Every structure is written in structure tokens, then in C-alpha cells.
Amino acid sequence: MKVCCRYFVIRRSFLIRIIDTWRKNHGKLREESNMQLLLYIRPEHPISLPINYNHILQSILYRNLSCSPDISEFMHDTGYAFRDRQYKMFQFSHLQGRYRISEKKIIFDEAVTWEIRSPENRVIRLLAQTIKEQGIWFGQTHCKDIDVELRDYTVEESDILIRMMTPITVYSTDEKNGSTYYYTPDEDMFYEKIRDNFFRKYYAYYGVTPSSEITLQPLRIIEKDKFVTRYKNSYITGWYGTYRISGKRKYLDFLYQAGLGGKNSQGFGMFQLL
């Protein structure tokens with residue numbers, strides 16, 4: 001037992017040093033323009049994935065961060081904490097391109113695009129470098145013909161119209177029985193939870209509380225905007241749609257980089273401006 005306790009102390013101290021180093025560097029990093037990574041992937045052979053493939057895309061990102069163990073471990077195991085919540089501070093789109101469905105697989109025969117965002121530029125730069133050098137493995141398919149584009153888009157308005165590129169998911173988990181309830185855009189709690197999530201996420205990353213709220217207003221949401229997917233051993237419900245979002249410019253820009261709602265690092269909450 002003494003050996004185990006000693007290991008835990010050493011391990012915990014190691015993680016604290018990583019976090020402290022990151023926080024010291026964040027001041028400089030956050031003065032830079034935010035960056036987004038856009039990948040143009042031309043496969044030599046078809047990319048065949050399960051219909052529900054978000055977990056595969058997430059694992060690809062972690063694998064490409066692993067060339068820097070400190071960053072990889074921080075993002076995977078620790079993240080940015082607010083009380084008992086942890087936020088990984090990255091998001092990604094679906095693969096965009098022509099596809100076909102065959103035998104419960106989604107198959108991309110031609111070129112696809114894939115976008116990754118994070119408020120942490122170090123993560124974006126590292127992913128761009130490793131993907132450019134090593135390519136991407138989609139299961140057994142290795143894609144090496146990839147154009148890597150770094151963008152520096154910043155939200156400049158305090159009131160914007162957006163369309164979801166990946167669904168927003170908003171939920172509560174019962175602490176007693178572990179069941180999860182997913183809210184719909186018809187419920188006021190959907191928008192209250194999004195505001196609360198923003199406050200926690202912003203504080204976790206910057207260490208300061210936002211001085212004002214953000215507001216999200218639904219403009220056009222139809223039944224087919226409902227999205228249900230299986231992520232590993234659980235089902236997640238989210239919503240596409242068109243919305244208006246208002247707040248301080250820097251808050252909207254943060255959400256553009258980090259994502260709206262929950263489970264951003266699992267492929268939820270990315271939006272585009274209209």
C-alpha cells in the first residue's frame with residue numbers, strides 16, 4: 001500500500017508540473033490569433049468507417065498528439081478543470097465529402113475535408129505538423145495525400161447567426177442511478193444549460209469568470225435536425241439547426257474555437273457563421 005501511495009503522489013506531482021507549465025505558457029499563446037486546422041484528404045483507397053465514427057476521429061487526434069507526451073497526457077487525462085468538470089478544449093467536424101452506405105459502413109471513395117478547432121494554438125500546430133509528416137490512419141487505410149491548411153478566423157461581431165456543423169448536445173446526469181437526460185431546443189433548460197456550460201468552460205480555460213452572459217435563440221429547427229449517435233457504449237442525442245447567438249465578441253470567438261454545449265471533444269457543438 002505504501003508503494004501504491006508513493007506512486008500516486010509522484011504521478012500527481014508530475015501532472016501538476018505539466019499543468020503549471022501549460023498555464024505559464026498560456027499567456028503568450030493567448031495573445032496570438034486563434035487558429036483552425038482544415039485538412040483536405042485524398043485517399044488512395046476508400047475510407048470505410050462505422051456509421052457512428054466520432055470515437056475513431058477522436059482517437060486519431062489523440063494519436064497524433066502522442067508525439068508530445070506531455071501535451072497528449074494533459075489533453076487526454078487531465079484537461080482544463082472547473083470543480084468536478086474537465087474540458088479537453090478541442091472539437092472537430094464530421095468528414096465532409098461524398099459517401100455511400102454499405103453493410104452498416106459509411107464509405108468515402110473520394111476526397112474529404114475535416115476541420116479541427118481549439119482555443120489552444122499549441123494543439124492545432126502540433127496536429128498540423130504530425131498529420132503533415134505522418135498522414136492519418138483510418139483503421140487499416142493510411143492516407144498520406146493531405147493538404148494541411150492553418151486558418152486564423154476570429155469572430156468580430158457581438159451578434160451572429162450560426163448554423164450547426166455538428167449537433168449541440170445538452171444533458172443532465174442523475175447522480176443516483178447514472179441515467180442521462182438530453183434536453184431539446186423546445187425546453188428552456190436547453191439554453192440555460194448552454195449558458196452554464198459556457199461559464200464553466202471559459203473559467204476552466206482562462207481562470208476568470210465571464211463578466212456577462214451569452215444568449216442563444218433558435219431561428220429554425222426542424223424534426224430532422226435531431227441527431228442520435230452511438231458513442232462507444234452509449235447513445236448521445238444532439239440538435240442541428242440555425243440560431244442567433246449574442247454576447248461579448250471575445251466570448252463568441254471562444255465558443256467558435258471551443259464549441260457550444262457539451263461533449264465538444266467527442267465531435268459536438270461546432271458551428272459556422274451565416
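The model shown is predicted, which means the values in this text are computed figures rather than measured ones.

Peer 1: Requested: an account of the sheet that holds strand 12 (residues 159–164), with residues and values cited.
Peer 2: In any sheet, the strands associate via hydrogen bonds between backbone groups, in a parallel or an antiparallel arrangement. On the basis of which strands lie adjacent, the open sheet formed by four strands has the order 15-18-12-19 and antiparallel pairing. Edge strands, defined here as strands with exactly one partner in the open sheet, are strand 15 (215–220) and strand 19 (271–273). The sheet shows a mean angle of 35° between the axes of neighbouring strands, direction not considered. Bridge count for strand 12 against strand 18 (residues 242–246) is five bridges, and the pairing is antiparallel. Bridge assignment links D159 to a residue of strand 18, and that residue is S246.

Peer 1: Which residues make up unusual backbone geometry, and what values go with them?
Peer 2: Phi at K104 is positive, roughly 60°, even though this residue is not glycine. Tracing the backbone through its elements, the reader meets K104 in the loop between strand 6 (100–102) and strand 7 (105–108). For K104, a relative accessible area of 73% translates into the label exposed. Phi at K232 takes a positive value of approximately 55°, unusual for a residue other than glycine. Following the sequence through the fold, K232 ends up in the loop between strand 16 (226–231) and strand 17 (234–239). Overall, the relative accessible area of 52% leaves K232 in the exposed class.

Parameters at a glance
- Residues numbered from 1 in each chain as written.
- Predicted model: local features only at pLDDT ≥ 70, side-chain atom pairs only at ≥ 80, totals over all residues.
- Heavy atoms only, no water.
- Pairing = 2+ DSSP bridges.
- Helix = DSSP H or I, 4+ residues; strand = E, 2+ residues; numbered from the N terminus.
- Axes fitted to C-alpha atoms, helices over the stretch in contact; angles between N-to-C directions.
- Buried < 20%, exposed > 50% of the residue type's maximum accessible area, 1.4 Å probe, protein only.

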